[in-house]
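Structural features, examined
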Amino acid sequence: MKARSGIPAPLRLHFDLTTVRLFIATADTGSITRAAERICLAPAAASRRMKELEAQFGVELFQRRPHGMALTDAGRALLAHARGMAHAVARMHDDAQAFRRGDKGVVRIAACTSVVLQFLPLDLRRCQMDFPGINIDLQELNSGGVIQAVSRGVADIGLYESTLGAVALPSLPYHEDRLVLVTHRDHPLADRRRVRLEDFLPYEVIGLGEDSAISATLARVAAEVNCSLHMPIRVRSFESMTAMISEGIGIGVMPKKVARAFAAGKRFCRLDIEGDWAARRFVLCHQPVQSMSSAALTVVQALAGVNSPMANPA
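Small disclaimer: the values here were computed from a predicted structure and weren't measured. (Residues numbered from 1 in each chain as written. Predicted model: local features only at pLDDT ≥ 70, side-chain atom pairs only at ≥ 80, totals over all residues. Heavy atoms only, no water.)

On to the state of the cysteines, then. Among covalent bonds in proteins, the disulfide is the one between the sulfur atoms of two cysteines. The full count for this structure, using the stated rule, is zero disulfides. Between C285, a free cysteine, and C112, which holds the nearest cysteine sulfur, the sulfur-to-sulfur gap is 11 Å. By relative accessible area, C285 is classed as buried at 1%. (Disulfide = S-S within 2.5 Å. Buried < 20%, exposed > 50% of the residue type's maximum accessible area, 1.4 Å probe, protein only.)

Structural data, given as structure tokens:
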């Protein structure tokens, strides 16, 4: 029997953690040769392992291209499982280390950009001062990506903006911020100190990615007042958004503290936004307690400032 890809259908699965690490490294680097170097394998041995893994699953995980390896749809789906396996093994190691030497190990945090820029540096500094044996593996994502990372088990802790909804995981309140409007100094709104949603919706807005909490909030509140949202350009960062605003291409909405850092020059004006929707709350969610390492539980308690990570289970 043949799979659709032409690879024989699998009879049984038998692969080791080295092959799992190779699969992840190949996806990360786009090259079997660089992946082999990363995990200290001979290229020929790495290529053989990858072909055997595909044969066992009966699907092609990568498209072989002249300039590298690209994941297939099947490869992308299985990569999430591979990362989960690797992280589960790492958590086993973390727990063993914690039993031997106390709270030591690696904790994987997925956090939205607003949290990374505004709150996490100080919080992690305090955490590392109190628990120097704990290392942090930080993934900076948008809020939608944070929820996915924790839900799939590739992050121990997630920090995201609350308007994207609750997750079926233990959750705690984190920090709060407020959004402001940033314009070029020559923009028609620049002479104002405060604006309403209806004041700036007629103008072109520089947006973030579709999974961004700010973009989702703008779309929602615009629909609530039956107004159109003009977002012809989307960027991946507040820094890029500021660069567009500095050339007068559009206006942008960003957290007040972020605006102070990125839009502090004479080219910009920062305007307060009226309305409850501009006040945001962030959520700390985490894996179920029974599946977390001692180090991860310690970081939850440190970030939340509480004695129990189960204070508000979802």
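From this point, things continue past the structure.
Direction vectors running N to C along helix α1 (residues 17-29) and helix α3 (residues 43-57) enclose 95 degrees, while the axes themselves pass 10 Å from each other. Here α1 lies roughly perpendicular to α3, going by the angle between them. Together, T18, T19, L22, F23 and T26 of α1 and A46, R49, M50 and L53 of α3 make up the contact between the two elements. Split into classes, the residues belonging to the contact of α1 with α3 amount to five nonpolar, three polar and one charged. (Axes fitted to C-alpha atoms, helices over the stretch in contact; angles between N-to-C directions. Helix = DSSP H or I, 4+ residues; strand = E, 2+ residues; numbered from the N terminus. Parallel < 35°, antiparallel > 145°, perpendicular 65-115°, else oblique. Contact = heavy atoms within 4.5 Å. Nonpolar A, V, L, I, M, F, W, Y, C, P; charged D, E, K, R; others polar.)

Take the environment of Y174 next. You can see Y174 is positioned in strand β6 (residues 171-184). Discounting chain neighbours no more than four positions away, the residues touching Y174 are V115, F119, L120, D123, L159, F282, V283, L284 and L303. Within the local environment of Y174, its side chain forms a polar contact with the side chain of D123, the two groups lying 2.5 Å apart. (Polar contact = N/O pair within 3.5 Å; in protein donor to acceptor, adjacent residues only side chain to side chain.)

The next thing to look at is the nonpolar core. Core analysis: the largest hydrophobic core is formed by 36 residues, its most contacted members being I109, V115, L120, L159, Y174 and L303. Tallying contributions element by element places helix α12 (residues 294-304) first for this core, with six residues. Discounting chain neighbours no more than four positions away, the residues touching L303 are I109, L120, D123, L124, L159, Y174 and L284. Judged by nonpolar contacts, the second largest core, of 34 residues, contains L189, A190, F238 and V258. (Core = buried A, V, L, I, M, F, W, Y, C linked by side-chain atoms within 4.5 Å.)

Okay, the confidence of the model for the chain next. Looking at the chain, pLDDT values average 89 and 91% of them are 70 or higher. In the predicted structure, residues 307-314 sits below a pLDDT of 50 and forms 22 contacts with residues beyond four places in sequence or in another chain. (pLDDT = per-residue confidence, 0-100.)

A few words now on α12. Three- or four-residue spacings in an α-helix give side chains the same orientation, since the helix completes a turn every 3.6 residues. Listed in full, the buried residues belonging to α12 are A295, A296, L297, T298, V299, V300 and L303. If you follow the buried residues of α12, they end up packed against β3 (105-112), α6 (120-130), β4 (134-141), β5 (157-161), β6 and β12 (279-286). In the stretch just after α12, G305 is the one whose phi turns positive, near 70 degrees.

Turning to the pattern of salt bridges, a few remarks are in order. According to the stated counting rule, one finds 17 salt bridges in the structure shown. Its salt-bridge partner being D156, residue R108 comes within 3.7 Å of it at the nearest N-O pair. Here the residue R108 occupies a position in strand β3, and D156 occupies one in the loop between α7 (143-151) and β5, the gap between them amounting to 48 residues. With a relative accessible area of 1%, D156 lands in the buried category. Between D177 and R280 there is a salt bridge; the shortest N-O distance is 2.8 Å. Highlighted residues: D177 in strand β6 and R280 in strand β12, separated in sequence by 103 residues. By relative accessible area, which is 4% here, R280 ends up buried. Salt bridges here are not isolated pairs; linked through shared partners, they connect R194, K256, D272 and E274. (Salt bridge = Lys/Arg side-chain N within 4 Å of Asp/Glu carboxyl O.)

Now for the packing of α6 against α12. The N-to-C vectors of α6 and α12 enclose an angle of 125 degrees; their axes lie 10 Å apart at closest approach. In this view, α6 runs oblique relative to α12, as classed from their interaxial angle. For the crossing formed where α6 meets α12, the hand is right-handed. Between α6, through L120, D123, L124 and C127, and α12, the contact on the second element is made entirely by V299, A302 and L303. Here the residues of the contact of α6 with α12 are counted per class, giving six nonpolar, no polar and one charged. (Left-handed = near helix turned anticlockwise from the far one by under 90°.)

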